[in-house]
Amino acid sequence: MKTILVPIDGSENSKRAMLKAKELADCLGSKIIVMNVMNIVTTVSIYPNLQSAKTGGSVDWPGIYDAAKERSEKLLGEAKELLKGSDVETVMIDDPSGKFATAIVNFANERDVDLIVMGSNGMGSLRHRLYLGSVTTKVLHMTEKAVMVIQ
């Protein structure tokens, strides 16, 4: 197994997915690619504190975009620190469509990864009521790659 893809969103489950990927990569000598898919519309709905970027009744989309990008860069930096000692690449994908699962599957195919390791639920899911979040479910249904789901 040469390459493990770990999509992250800052949730506890995505952190556990990174740790499991590190465990596997360290045993198998694999490279880990940590990715974050950034989308400003979803970012505003999931992280209401960014709604403070409203000015005079309108939304400061460039300000929200900058905050979302900064948050993504911070997540990826924290991931690199958490996975220190492993072969790690970080990737930020700016996907205005908000189709996170499609972005993950397309990236996995383009980079020909061997395994996708992801959390069962993310930041935007109804994590207390569902066993799997919508993005994880869609990835499982859309990809032919092996997927390891971490609770």
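Let us look at the structure shown here. (Residues numbered from 1 in each chain as written. Predicted model: local features only at pLDDT ≥ 70, side-chain atom pairs only at ≥ 80, totals over all residues. Heavy atoms only, no water.)

### What to know about unusual backbone geometry
Inference 1: Despite not being glycine, Asp112 shows a phi value in the positive range, around 50°.
Inference 2: Structurally, the position occupied by Asp112 is in the loop between helix 4 (100–110) and strand 6 (115–119).
Inference 3: Accessibility expressed as a relative area gives 51% for Asp112, which makes it exposed. (Helix = DSSP H or I, 4+ residues; strand = E, 2+ residues; numbered from the N terminus. Buried < 20%, exposed > 50% of the residue type's maximum accessible area, 1.4 Å probe, protein only.)

### Some remarks on the side chain of Thr143
Inference 1: In this structure, Thr143 sits in the loop between helix 5 (134–142) and strand 7 (146–150).
Inference 2: A polar atom in the side chain of Thr143 sits 3.0 Å from the backbone nitrogen of Lys145. (Polar contact = N/O pair within 3.5 Å; in protein donor to acceptor, adjacent residues only side chain to side chain.)

### Here's the deal with the pattern of salt bridges
Inference 1: For the structure shown, the criterion picks out seven salt bridges.
Inference 2: Ionic pairing is found between Glu89 and Lys31, a salt bridge with its closest N-O pair at 2.9 Å. Within this pair, whereas Glu89 is found in strand 5 (residues 88–94), its partner Lys31 is found in strand 2 (residues 31–38), the two being separated by 58 residues in sequence.
Inference 3: Of the charged contacts, one joins Glu89 and Arg111 as a salt bridge, the two residues approaching to 2.7 Å between their closest N and O atoms. On the criterion of sequence distance, the pair formed by Glu89 in strand 5 and Arg111 in the loop between helix 4 and strand 6 is long-range, its members being 22 residues apart.
Inference 4: Look at Arg111 and you get partly exposed, because its relative accessible area is 34%.
Inference 5: One connected set of salt bridges, linked through shared partners, spans Lys31, Glu89 and Arg111. (Salt bridge = Lys/Arg side-chain N within 4 Å of Asp/Glu carboxyl O.)

### Quick look at a nonpolar patch on the surface
Inference 1: Together, Leu132, Leu140 and Val149 make up a nonpolar patch on the protein surface, roughly 180 Å² of accessible area in all.
Inference 2: The residue Val149 is located in strand 7 in this model. (Patch = residues over 30% accessible without salt bridge, like charges linked within 9 Å, V, L, I, M, F, W, Y side chains within 5 Å. Areas by Shrake-Rupley, 256 points an atom, 1.4 Å probe, with all protein chains shown as cover.)

### Thoughts on the sheet that holds strand 7
Inference 1: Spatially, the five strands line up as an open sheet ordered 5-2-1-6-7, and their pairing is parallel. Among the strands making up the open sheet, the edge pair consists of strand 5 and strand 7. Strand-to-strand twist in this sheet, taken as the mean axis angle between neighbours without regard to direction, amounts to 25°.
Inference 2: In this fold helix 5 packs onto strand 6 and strand 7, with an angle of close to 160° to the strand it touches most, strand 6. (Pairing = 2+ DSSP bridges. Axes fitted to C-alpha atoms, helices over the stretch in contact; angles between N-to-C directions. Contact = heavy atoms within 4.5 Å.)

Honestly, it's all geometry; don't read function into it.
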